[in-house]
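Examination of the molecular architecture
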Amino acid sequence: MSIFVDENTKVVYQGLTGSQGKYYGLLNREYGTQVVAGTNPKKAGEDVEGIPIFATVGDAVAATGANASCVFIPAPGVKAAVMDAAEGGVKFIVVITEGVPAHDEAWFYNRLKRDYPDVQLLGPNCPGIISPGKCNIGITAGHIAKPGGPVGIVSRSGTLTYQALYELQQKGIGVTTCVGIGGDPVPGTTFIDCLSRFQDDPETEAIMMFGEIGGSAEEEAAEFIKANVTKPVVSYIAGVTAPPGKKMGHAGAIISGGKGTADAKMEALRDAGVSVGLNPTEAGELMAGIVAGL
Amino acid sequence: MDLFEYQGKLFFSRYGIPISPGEVAFTVDEAVAAAEKLGYPVVVKAQVLTGGRGKAGGVKLASNVDEAREHATNILGLDIKGHVVHRLWIEKASDIEKEYYASFTLDRAAKKHLGMLSAQGGVEIEEVAVTDPDAIAKIWVDPVDGLTEAVCREWVAAAKLDPEATEGAVDILLKLYEAYVDGDADLCEINPLILTTEGQVKALDAKVTVDDNAVFRHPDYEEYDEIQHRDEREAAAHEKGLQYVGLDGSVGIIANGAGLAMSTVDIVSQVGGTPANFLDIGGGANADVMAGALEVINNDPKVQSIFINIFGGITKGEEVANGIITALGRVQIDAPIVIRLDGTNAELGREMLQPHLSDALQMQPTMLEAARTAVALAEGASK
């Protein structure tokens, strides 16, 4: 089984008429994702390579039965796009856009939680989600992921996620679902959301978790693993040598006030029984060892 | 982006938060003129984006024109933890009765705004948090609800500020929250927030960080961009729109994606080398971006070898190889380069790079081997 999405997920692309939205929307369709609609208030009634365009997500849901959305709208419009999706009735919203103001993220995270508690937001600033062979929403290259299982992946970094997928594929190991939660300060989906789903998913037998410096999400995940996760977990944390006070590419990847260091995160994870690799390759090898013993 | 104290104060005053009268000065003469205009005593304050100004001699009280001139002369050009003082803030001195602390920031774990208020101000709040955590009253504000006056009043009461400061503090905190939200700030801190001997509450200092991602809503924030503390390399990279952080080692690093770039910095250290930088060229690896990245690294005199670490996802190996070959044709590189290319169509990309390989341009199949080679080359060059 996969988490959050599967072969029945019908996706509306907000911003399908833009260059990024079109490029990835069509790639996702080619992969096999049910790309059923796009939105653009100024182009309602038109289509993009056969995919109908609607004014709002609500219109797209009514006409196509879409139950997920993928947002490729530029940062200034993301807040409105997320609310359009929630009001429109989709239950899973993936925001790929980077550069969304932190105050907007905090606002729509809490607004969804209060008024649309059954809606799951993924991102912003994330590569999306792929359930190999079933559904790919976002910017992950589909062919680097081997379908099946037994590994579930959750990661804060896009390229490290690809690296993990690729290394597992090279070793002949399949993936149930790979979730990129993104590197922003207020991610809609957390490590814990994914760990909890993977723990409950019978086809996921081991979990790979890639974190990075900044915040305390990895420490919270470690506590959750200790209390709730019985499946083996392998982890890698990027940024061991990052200097304090400097943003390492991602808005959320910053060590401030001595908090959020990679060492503290690795320590917490080891304490929770997680196997921690010192680089992505080592993490891949640790996972191969675990899968061989399953 | 961080603001200078005076910029933070002017930002606060736009929201009605009381501050002391003051003026910014770039020269000694401007400082003296400002002091004369404001009337003595004045405080001459170094404007730098780092803490510990007082200890470094960057904050001085002047009671007359001679002292104002003397302090301004001494402080301008002063080096405070690597930050050279180019601006002063000349401010009318205040009679301080009490010093408090107030701030708003985002609590990433709670996903809400965190307000902190303490009757113990003027010292590092991290210090108070350790020595006397109960002295900090905290509230978590849901961004959808905002901060109400009733909640703010309870908060002030919980912090046990002096009774005569209550009304002024409630007023300032409500305005501070407005400034924090409306101004898209990552941090709004007043330390100290003072009660004067005349019973007025005002901001004696201002520490403000605004969200780079929100500049589209605040075009005036562009003025803060140029004051950010960057070394020469960081400034050059910033101009080219590259995500670059300067470090002080000898192995230059180029990678695609923030996570992979961080991971590359780590692995170079793990195999005994010293990274010269963090540089993320983003998802693709086209020739323009690659050439720009190579130029920035090439201008770093400490760099003895360069490690290009690319994982091709949707951008295919042959496109990456093309980008690298084209970029190398455009930029004359001094240090030897080690490439690791993996991912989609990596073999095709490697084949294309093959004829270009030499002692100055090597290729390794894995991240680890490439890191070792780059580190060995850097060490060999420094001997």
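Residues numbered from 1 in each chain as written. Chains lettered and ligands numbered in written order. Predicted model: local features only at pLDDT ≥ 70, side-chain atom pairs only at ≥ 80, totals over all residues. Heavy atoms only, no water.

**Details of the overall build of chain A**
Test applied: Strands are runs of DSSP state E lasting at least two residues, helices are runs of H or I lasting at least four, and both sets are numbered from the N terminus onward. All radius of gyration figures rest on C-alpha atoms, and the globule criterion is 2.2 Å times the number of residues raised to 0.38. Exposure classes here rest on a 1.4 Å probe applied to the protein chains alone. A residue is buried below 20% of its type maximum, exposed above 50%, and partly exposed in between. Per-residue and other accessible areas follow the Shrake-Rupley method at a 1.4 Å probe size, with only the shown protein chains counted as cover for residues. The positive count covers Lys and Arg only, the negative count covers Asp and Glu only, and His and the chain ends enter neither. For this purpose, a charge sits on NZ of Lys, CZ of Arg, CG of Asp or CD of Glu.
Each helix and strand counted, chain A has nine helices and 14 strands in total. Whereas a compact globule of 294 residues would reach a radius of gyration of roughly 19 Å, chain A reaches 18 Å, a difference of no more than 12%. C-alpha atoms of chain A, sized along the principal axes, occupy 55 × 40 × 30 Å. Looking at chain A as a whole, 61% of its 294 residues are labelled buried. As presented, chain A carries roughly 10100 Å² of accessible surface, and 50% of it is formed by carbon and sulfur atoms. The positive charge centre, built from 22 side chains, and the negative charge centre, built from 31, are 3 Å apart in chain A.

**Examining the layout of surface pockets**
Keep this limit in mind: Note on definitions: the grid is 1 Å and covers protein atoms alone; a cavity is a set of points where a 1.4 Å probe fits but cannot get out; a pocket is an open set with protein on both sides within 12 Å along at least five of seven lines; lining residues have an atom within 4 Å of a point. Grid points are joined across faces, edges and corners, and a volume is the space filled by probe spheres set on the points. Polar here means any residue other than Ala, Val, Leu, Ile, Met, Phe, Trp, Tyr, Cys and Pro, which are nonpolar, and Asp, Glu, Lys and Arg, which are charged; Gly is therefore polar.
Considered as a void within the structure, the second largest pocket measures approximately 520 Å³ in volume. Considering the residues around the second largest pocket, the lining is formed by 33 residues, among which Tyr109, Pro187, Gly188 and Thr190 of chain A together with Lys111 of chain B are closest to the centre. For the lining of the second largest pocket, the elements supplying multiple residues, two or more each, are helix 4 (102–115), strand 7 (120–122), helix 6 (191–200) and helix 7 (217–228) of chain A. Tallying contributions element by element places helix 4 of chain A first for the lining of the second largest pocket, with five residues. Residues belonging to the lining of the second largest pocket are distributed by class as follows: 16 nonpolar, eight polar and nine charged.

**Here we look at the environment of leucine 247 of chain B**
Heads up, the condition is: Contacts were defined at the residue level, with two residues in contact if any of their heavy atoms lie within 4.5 Å.
Mapped onto the elements of the fold, leucine 247 of chain B is located in the loop between strand 13 (243–246) and strand 14 (251–255). Those residues in contact with leucine 247 of chain B that lie beyond four places of it in its chain are Pro243 of chain A together with Arg233, Val265, Pro275, Ala276, Asn277 and Phe278 of chain B.

**Remarks on the interface of chain B and chain A**
To keep things clear, this is the line we draw: Criterion for a salt bridge: a side-chain nitrogen of Lys or Arg within 4 Å of a carboxyl oxygen of Asp or Glu. Polar contact is defined as a pair of N or O atoms within 3.5 Å, subject to the rule that within protein one atom must be able to donate a hydrogen and the other to accept it, and that residues adjacent in sequence are counted only when both atoms are side-chain atoms.
Taken together, the 48 residues of chain B in the interface contact 57 residues of chain A. Note that arginine 114 of chain A is salt-bridged to aspartate 145 of chain B, the shortest N-O span being 2.9 Å. At the boundary of chain B and chain A, one finds 21 residue pairs in polar contact (both at pLDDT 80 or more). Taken together, the elements giving at least two residues each to the side of chain B that touches chain A come down to strand 8 (112–118), helix 6 (166–182), strand 10 (185–196), strand 13, helix 9 (258–270), strand 17 (337–343) and helix 13 (367–382) of chain B.

**Quick notes on the domain arrangement of chain A**
Residues and elements named next belong to chain A. Convention followed: Each domain's extent is set by a domain assignment, obtained either automatically or from a database. Computed with a 1.4 Å rolling probe, the buried area is the accessible surface lost when two parts are put together, summed over both parts.
Structurally, chain A comprises domain 1 (10–122) and domain 2 (141–292). For domain 1 and domain 2, the distance between their C-alpha centres works out to 26 Å. Taken together, the contact pairs nine residues of domain 1 with 13 residues of domain 2. Approximately 850 Å² of surface area, both sides summed, lies buried where domain 1 meets domain 2, with 54% of it carried by carbon and sulfur atoms. Three residues, Glu105, Gln120 and Leu122, lead the burial of domain 1 against domain 2; their summed loss comes to 53% of the area buried on that side. There are zero salt bridges connecting domain 1 and domain 2. Between domain 1 and domain 2 we count three residue pairs in polar contact (both at pLDDT 80 or more) in total. If you list the elements that add at least two residues to the side of domain 1 that touches domain 2, you get helix 4 and strand 7. Ranked by residues supplied to the side of domain 1 that touches domain 2, first place goes to helix 4 with four residues. When the residues that make up the side of domain 1 that touches domain 2 are grouped by side-chain class, the tally is seven nonpolar, one polar and one charged.

**Details of the pattern of salt bridges**
All names here are of chain B. Applying the stated criterion to the full structure yields 31 salt bridges over all chains. Residue lysine 175 is joined to aspartate 171 by a salt bridge in which the shortest nitrogen-to-oxygen separation is 3.0 Å. Linking lysine 175 with aspartate 171, this pair stays in helix 6, spanning four residues, or about one helical turn. Residue lysine 240 is joined to glutamate 295 by a salt bridge in which the shortest nitrogen-to-oxygen separation is 2.8 Å.

**Comments concerning the environment of aspartate 184 of chain B**
Among the structural elements, aspartate 184 of chain B can be located in the loop between helix 6 and strand 10. When the C-alpha positions of aspartate 184 of chain B and alanine 203 of chain B are compared, they lie 19 Å apart, and in sequence the two are 19 residues distant. With residues near it in sequence (within four places) discarded, aspartate 184 of chain B still touches Pro101 and His103 of chain A together with Ala179, Val210, Asp211, Ala214, Arg217 and His218 of chain B. At 2.8 Å, the side chain of aspartate 184 of chain B and the side chain of histidine 218 of chain B are in polar contact.

**Looking at the state of the cysteines**
All names here are of chain A. Here is the rule: Note on terminology: disulfide denotes any pair of cysteine sulfur atoms within 2.5 Å.
The final tally for this structure, using the stated rule, is zero disulfides over all chains. Between cysteine 126, a cysteine without a disulfide, and cysteine 70, which holds the nearest cysteine sulfur, the sulfur-to-sulfur distance is 7.9 Å. Cysteine 126 sits in the buried class, given a relative accessible area of 3%. This cysteine, cysteine 135, is not joined by any disulfide, and cysteine 70 carries the nearest cysteine sulfur, 9.7 Å off. Since its relative accessible area comes to 1%, cysteine 135 is described here as buried.

**Quick look at the pairing of strand 2 (residues 42–46) of chain B**
Residues and elements named next belong to chain B. Worth spelling out the cut-off: Being paired, for any two strands, means DSSP has found at least two bridges between them.
Within strand 2, five of the five residues are buried, which leaves it mostly tucked inside the rest of the structure. With five bridges connecting them, strand 2 and strand 6 (residues 88–92) associate as antiparallel partners. If you follow valine 43 over to strand 6, its bridge partner there is glutamate 91.

**Details of the packing of aromatic side chains**
Two descriptors summarise a pair of aromatic rings, namely the distance from one centre to the other and the angle between the planes of the rings. Using the following cut-off: Here a Phe, Tyr or Trp ring, Trp counted by its six-membered ring, pairs with any other such ring whose centre lies within 6.5 Å, and the pair is stacked when the planes are under 30 degrees apart, edge-to-face when over 60, and tilted otherwise. Cation placement over rings: the criterion is NZ of Lys or CZ of Arg within 6 Å of the ring centroid and within 35° of the ring normal.
This model, assessed by the stated rule, comprises 15 aromatic pairs over all chains. Summarising the aromatic geometry, the rings of tyrosine 177 of chain B and tyrosine 180 of chain B are spaced 6.3 Å apart at their centres and angled 45° between planes, so their arrangement reads as tilted. Here tyrosine 180 of chain B and tyrosine 177 of chain B lie together in helix 6, a separation of three residues that amounts to about one turn. Pairing tyrosine 221 of chain B with tyrosine 224 of chain B gives two aromatic rings, centres 5.4 Å apart and planes at 45°, and the pair type is tilted. Across from the ring centre of tryptophan 107 of chain A, 4.6 Å away, lies the NZ or CZ of lysine 79 of chain A, which sits over that ring. Sitting over the ring of tyrosine 109 of chain A, lysine 111 of chain B keeps its end group 5.3 Å from the ring centre.

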